[in-house]
Amino acid sequence: MSIKKFVVGLYDDEAPLFDAVKQIRKEGFKIHDVYTPYPVHGMDKALGLRETSLHTAGFIYGMTGTTIALSFMSWVFTTNWPLNIGGKPHFPLPSLIPITFEFTVMCAAVGMVLTFCYLCKFAPFVRKHHFHERATDDKFVVVIECTSDSTEADATATLAKLGAAEINTQIAESEWWFGTYDKEEKKYTEQDLVKAAH
Amino acid sequence: MATYSNTFEQSAGNKKWGTILTGIGILTLLAGIGLLGFSGDEHSKTRFWAGLLQNSVYFLLVVNAAMFFLCATTLGFAGFTISFRRVAEAISTLVPVFGVLALVVLLAIVFTDQTHIYHWMDTVTRENDKIILGKSGFLSKPFFVIWTIVAVGGWTIFGAKMRKISREADDTAMDTETAKKWLFKNSVHASLFIVCFGLTVASTIPWFWLMSIDAHWYSTMYSWYVFASTFVAGMALIALYIIYLKNQGHLPFTTKEHLHDIGKFMFAFSIFWTYLWFSQFMLIWYANIPEETEYFRIRMHGEYRGLFWLNLILNFVTPFLLLMKANAKRNYTIVTFAAVVIIFGHWLDFYLMVAPSTMKAHGSIGWFEIGVAIGYVGLIILLVGRGLSKSPLVPMHHPLLKESIIHHT
Amino acid sequence: MSVIKYESAVRGPLIDGTKDYHQITEDILKPIETTPSKLWKIGFTIAVLLLIFGVYSVYREVTYGIGEWNINKTIGWGWDITNFVWWVGIGHAGTLISAILLLFRQGWRTGVNRAAEAMTIFAVICAGQFPIFHMGRVWMAFFVMPYPNTRGPLWVNFTSPLLWDVFAISTYFTVSLLFWYSGLLPDFATIRDRAKIKWRKRFYGVAAFGWTGSTKHWQRFESLSLVLAGLSTPLVLSVHTIVSFDFATSVIPGWHTTIFPPYFVAGAVFSGFAMVQSLMIITRKVLNLQEYITMEHIEVMNKVIVLTGSIVGIAYITELFMAWYSQNPYEGYAFYYSRANLFSPYGWSYWGMMACNVISPQIFWFRKLRRNLTVTFFMSVLINVGMWFERFVIIVTSLYRDYLPSSWSYYYSPSTWEIGFYLGTFGLFFTCFFLFAKWFPVIAIAEVKSILKKSGNKYKNEELRHELENDSIEEFTKKFSHH
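- You'll find chain B entered in an unreviewed UniProt entry as Quinol:cytochrome C oxidoreductase, with Polluticaenibacter yanchengensis given as the organism.

- Taking an unreviewed UniProt entry as the reference, chain A is identified by name as DUF3341 domain-containing protein belonging to Polluticaenibacter yanchengensis.

**Quick notes on the UniProt feature "transmembrane region" (unreviewed entry) in chain A**
Residue and element names in this part refer to chain A.
- Here the UniProt-annotated "transmembrane region" (unreviewed entry) positions come out as residues 59-77 and 97-120.
- Measuring from the first to the last C-alpha atom of residues 59-77 gives 27 Å, for a span that is 100% helix and 0% strand.
- Its end C-alpha atoms 34 Å apart, residues 97-120 is made of 100% helix and 0% strand.

**As for the layout of surface pockets**
- Taken as a whole, the second largest pocket encloses approximately 1,400 Å³ of empty space.
- Lining the second largest pocket are 45 residues; nearest its centre among them are C:Pro131, C:Leu162, C:Leu163, C:Asp165 and C:Val166.

**What to know about the sheet that holds strand β5 (residues 166-173) of chain A**
Residue and element names in this part refer to chain A.
- Taking strand neighbours across the sheet as the criterion, the four strands line up as β2-β4-β1-β5 in an open arrangement whose pairing is antiparallel. Looking at the sheet topology across the chains shown, the edges are occupied by β2 (30-35) and β5. Ignoring which end each strand starts from, the neighbouring axes of this sheet average 25° apart.
- As paired elements, strand β1 (residues 3-11) and β5 share eight bridges and run antiparallel to each other. Bridging across to β5, Leu 10 finds its partner in Glu 166.
- Its contacts with the sheet put helix α1 (residues 17-26) on β1, β2 and β4 (140-145), and the angle it makes with β2 is roughly 165°.

**Observations concerning the state of the cysteines**
- Taken as a whole and judged by the stated rule, the model has zero disulfides over all chains.
- Sulfur of A:Cys107: no disulfide; nearest cysteine sulfur belongs to A:Cys117 and is 17 Å away.

**Some points on the packing of helix α10 (residues 256-287) of chain B against helix α9 (residues 260-286) of chain C**
- Look at α10(B) against α9(C): their axes get within 9 Å of each other, and the N-to-C directions meet at 125°. Comparing the axis directions of α10(B) and α9(C) gives the class oblique. Where α10(B) approaches α9(C), its residues B:Tyr275, B:Leu276, B:Ser279 and B:Leu283 are matched on the opposing element by C:Pro261, C:Pro262 and C:Val265.
- Across the contact of α10(B) with α9(C), the residue classes break down as six nonpolar, one polar and no charged.

**Considering the interface of chain A and chain B**
- Across the contact, eight residues belong to chain A and seven residues belong to chain B.
- In total, chain A and chain B occlude about 660 Å² of area from one another, counting both sides; carbon and sulfur atoms represent 80% of this.
- Per-residue buried area on chain A facing chain B is highest for A:Phe59, A:Lys88 and A:Pro94; these three make up 63% of the total on that side.
- In this structure, the connection of chain A to chain B is made through zero salt bridges.
- Across the chain A-chain B interface, the total number found is two residue pairs in polar contact (both at pLDDT 80 or more).
- Class assignment of the residues belonging to the side of chain A that touches chain B gives a composition of six nonpolar, one polar and one charged.

**Structural notes on the interface of chain C and chain A**
- Each partner contributes to the interface: chain C provides 61 residues, whereas chain A provides 68 residues.
- Carbon and sulfur atoms supply 70% of the area buried between chain C and chain A, which totals about 6,000 Å² over both sides.
- Along the contact surface separating chain C from chain A lie three salt bridges.
- Among the salt bridges present, the one from A:Glu14 reaches C:Lys453, with a minimum N-O distance of 3.3 Å.
- The interface formed by chain C and chain A holds 27 residue pairs in polar contact (both at pLDDT 80 or more) in total.
- Of all the secondary-structure elements, those providing two or more residues to the side of chain C that touches chain A are α1 (21-33), α6 (161-194), α7 (198-207), α8 (215-248) and α16 (445-455) of chain C.
- If you tally residues by element for the side of chain C that touches chain A, the top one is α8(C), at 17 residues.
- Partitioned by chemical class, the residues of the side of chain C that touches chain A number 29 nonpolar, 20 polar and 12 charged.

Reading the values: the criteria
Position numbers for residues start from 1 in each chain and track the written sequence from start to end. Numbering of ligands from 1 and lettering of chains from A proceed in the order in which they are written. Residues qualify for local features only when their pLDDT is at least 70, as the model is predicted, and side-chain atom pairs are given and counted only at 80 or more; totals for whole chains, interfaces and linings, by contrast, use all residues. Heavy atoms from the whole structure form the basis of all side-chain values; hydrogens and water molecules are not counted. UniProt positions are given in the numbering used here, feature names are shortened, and annotations may be inferred rather than shown by experiment. Labels follow the DSSP assignment, with helices taken as runs of H or I lasting at least four residues and strands as runs of E lasting at least two, numbered in each case from the N terminus. Here a cavity denotes grid points, spaced 1 Å and computed from the protein atoms alone, that fit a 1.4 Å probe unable to get out, and a pocket denotes an open set having protein on both sides within 12 Å along at least 5 of 7 lines; residues with an atom within 4 Å of a point are the lining. Grid points are joined across faces, edges and corners, and a volume is the space filled by probe spheres set on the points. Whether two strands pair comes down to DSSP finding at least two bridges between them. Axis angles are defined between N-to-C directions and span 0 to 180 degrees, where every axis is a line fitted to C-alpha atoms and, for a helix, only to the segment in contact. Residue contacts are defined here by distance: any two heavy atoms, one from each residue, within 4.5 Å place the two residues in contact. Criterion for a disulfide: a pair of cysteine sulfur atoms within 2.5 Å. Orientation labels follow simple angle bins: below 35 degrees gives roughly parallel, above 145 gives roughly antiparallel, 65 to 115 gives roughly perpendicular, and whatever is left gives oblique. Only Asp, Glu, Lys and Arg are considered charged in this grouping, and only Ala, Val, Leu, Ile, Met, Phe, Trp, Tyr, Cys and Pro are considered nonpolar; every other residue, Gly among them, is considered polar. The term buried area means the drop in 1.4 Å probe accessible area that two parts suffer when joined, counted for both and summed. Here a salt bridge means any side-chain nitrogen of Lys or Arg lying within 4 Å of a carboxyl oxygen belonging to Asp or Glu. Two N or O atoms form a polar contact when they lie within 3.5 Å of each other; inside protein one atom must be a possible hydrogen donor and the other a possible acceptor, and for residues adjacent in sequence the pair counts only when both atoms belong to side chains.

Given below as C-alpha cells:
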C-alpha cells in the first residue's frame, strides 16, 4: 500500500501526447503512467518502458509443454505399458506429433495469459484507482507523481504549458486491492494524506 | 534524406560474378553432355537428365513464385510491398528465360525417350502395365508437351502484362479516381495470373513434371507441397535482393519494417511447408498402403536417409529457430543466412523429389548437380541485375507507395 | 511512432459517418445500455425453444441409449459426424480473422473480429456436443483423458486420431476463449467506467479484471495478442487438419487422401466466413452498426469466400482426378460411382456440394455482386448448406458401400432425436449469440478506435489528409521523418 500524490493532466487527442511526454520527462518529472483508451503505438517507447519479455515466457512455457507431452507419451508407449498398435513401432513419433503440438500451444497460451494477468495484477475483483473515468473512453491521461524533486505546483504548471485540457491533483493508492467498482472504498487515512503531502 | 538513385546500374562486380558462375554452369553442362549425357552408361545418362530436370524445374518455379507473390498481394490490395515490388518484378522477368530452359530440358527428355526419368513413356511398359496403360490418357507425350508449353506461356504472358501495367506508375501522378481504376486493372490481370497459377502450379504441372517420375505413385497433396516449397524459396530470393540493394544504397523507402514482413513470410511458409510435408508423410506412414509407402521407403532408407532428414533440418528447424525472434527478421546477416539456407534446402527438397526415383540407389549430389545449380545462380545474378536496371527501382506514382513508406510492423 | 495517420485515398473508409472516439463508444455500447428490442426477444425465444427441444432429444438419447440414433451400422454415424465436422468448420473463421489478419495487420478485421471469435467459441461448443453424446454413456466421458487409473494403468491411445481430436478441440476452445476474453478486458473496462447502474458497474467491474488502460498494460496486451495470434494461426490449421486425419489416416476409399488436411482447412475457413457473413448482415442491421461493419468489410469477406471456394474447388477436382489417376478400383468406385455419378443413390449430394461450394461462389468475382447484401446473404446460407453437403458426401458416400457388404445401405436417414439434437445445437448456438449480442460489445471498441484516425471516414476527408495525398514523395517523406 502506498499512498501518493499525483498531478493528472487530461488530453483530448493523442497527437500532442508524444511531445508532452517527451517534455515532461526532459524536465525531470516522474511520470506515473499514461492511460489511453486504445494502444497508442510508440507510447511505451516514449515513456522509456523496456520491451516486455512476455513472449519469451511464452516460448519457455511452450517448450515445457513439448517436453512434457513427448516424454510422457514415449514413457507410456515404451516403458509403462507397451502395446502393439497397428504394427507400428513402440515409439511411433509421427503419430505423437499432433498431441505434442496441441499441448505445446495449450501450455504456451495458458501460461502466457496467466503471466500477463500476474504481471498486470489482473483478476476478477481487482480494483485500481482511476484517475479519470473517461480514460477508457476517449481521453488520454498523463499522470505525474509528486516526489521530493517535483512539487505539485511545478507539475501543474508544466502540464498547463504543454496544453493539457484539464489538470487536477489527486491523492491516491497507486497499487491494486480487492474490491468492486460499485462501492467507494477509501484506501487512505488523514495521516497518509499528510505524509503524501511532504 | 540522403540522396539516392532510383535506377539500378548493374555493377561490374555483379556482371563479373554472374558471368563467372554462369560460365561454371555452362562448363558443367558441356562436361555433363560429354561425360554423362552421351555416355553409354545408363546411370550416367539418367543422372544427366535428372540433374537438369531438378535444376530447371526448381529455379523456374522459384522465380515464378515472385510473380505469384506480386499477384497475390495485388489482389489483397497490400500496400507494404510497393516500395520493393520492382525487386519481385525483376526476379519474375526470369520466367521466360528459365521457362525456355526448362522447356528445352523437358522436351528433350520426352523426345529422346529418357524412360529412366519418365518411366511411363516406355512403350513396353505402357503395353504391359495395366496401371500405366490406364493413365495413358493423361500421361501421354502430346498432352505433356502441350500442357507444358501452355503453362510456361501462361506465366510468361500474364507476368509480362503485370509488369507492363506496373510501369504505368512511373512517370505520371494519378488522381484518386484514376488510381482506383488503375488498381482495378491491376487486380484483373493479377487474378488472371492467379487462376492460371492455380490450374498449373497448384495442380497439373507438378503432376506432370515431377510426380509422374514415380508413375505408379500418387498423392493428392503433391502439387500444393511443391508450391509451398518454391514459394518459400521465392520469398527468400526476394529477401536476398532487398538486402543486396539496400547495401548498395538503393530502395530508400524499404526499411527493416519491410524486411521484417518478408522474414515473416519466410518463417510462416517454412512452417507451412513443414505442415504439408508432415501431413503427406504421416498419412502415408499411418495408412501403410504399399503402393504409397514405396515413395518414402526409397527416400527414408538407404542412400538418401541422411538427405531425407537434412531436408527437414534445413527447411524447418533452421528457419524456425533463426527467424523466430522479431529482431532476427530485421537483421541483414541473419535473414541473408536463413535465405541462403532456405534456397539451398528447397533445392535439396527437389533433389529428393527427382533423384531417388530415377537414380534409385546410385544417386549422389556431385559436381554435375551442383555445377548446374551454380550456373542457374549465375543466371539469376546476371538477369535479375539486368531486370532491375530496366525500370526505376520504385514506382514513384503508385497510389499505395505512401502507405509503403510509413509501413510499420 | 507516427502521429500523423495516413492511408491511401483509394481505400474506402472502414468507419463511415463522422465518428470520434466517444461516438464509437456510444454506438457500440448502445445495445448493452438499453433494453433489448422486440426483434431480439423474439429471436431469443425461438433459440431457447430450439435449445429445449435439443435438450429433450439429448435426454432421450442418454436415457434410452444411442439406439435412439439408429446407430446399428457404420453409415448410421453419418449424420452426427457430418454435423460435428460442420460445426467445427464454422468455428474456424473467428480465430482466423483474429489471428491471421492481426498478423497481416488488416484494418478491416477490427469490425468483425469480436463477433467472429464469439461465433467460433459457440460453434466449437456445439461441435463438441456430438462426440460427447455419441459416447453413449456420457458420464464416462472423462475416460478420454489420460489419467493414472487402476486398469493397468492402461493409457488412452495417443496414436489415435480420435484422441488427437480431444486434444485439438479442447486446446482450440481454450485458446480461442483466452484470446477472446483478453481482448474483451479493455472493452469491459469501458462499460464499467460509463456505467450509471450499480449492478452493471459491479458486473463489468468484476469482468474487466481491473483494467485501467495503463501504457505498460497495453504494451503487454499487444505482445500477448501478437503471440496468441502467432500460436492460434498454426492452431487453426491444426484443428481442422486433425479432424481431417480422422478420415485420412484410415484406408477407406474417398477418405484416405493426402490433400485432406489443407483442403479441410480451406473448407473450414470458407464455411466460417459464410457464417460470419450471415450473422453480421443481420447483426449490423438489428444493432444499427452499419457504419462499423461497412460494405468494405462485406466485400472483403466475399473475396475471402471466392478465394477459399476456389481452393476447395481445386481440391475437389484434384481428388476426382487422382481417383482416376491412381487406377485404384476402390477409389474409382467411391468417386465415379458413389459421388460423381448423379444417378447413384447419393450422387445428388455430390453435385449439390459442387454447385454450392465451387460454382456459385464464382459470382463473387464481380464487384457489384460482392457489394450486394441480398446476394451475399443468400450466398452465405447456400455455402453453409454446401459445406454441410461436403461432409455428408465424404462420410456417407464412402461408408454406405464400404468393404463390408453387410453394412451397405441405400436408405439411410437420421432419426427424429438425431434431428432434434442437431436443431438443439442451433438453439444453443443462437441462444449464446443472442446473449452475446446483448451483453457484450459486438465490435472490439478499443481496436476500432485504433484504426479510426487512419480509416475513419471523417479523418479521411480532413484537410490534412488531402494535403498528404497530394504531397510529392519527397515532402511526404520529410513530414514522416520528423516523427
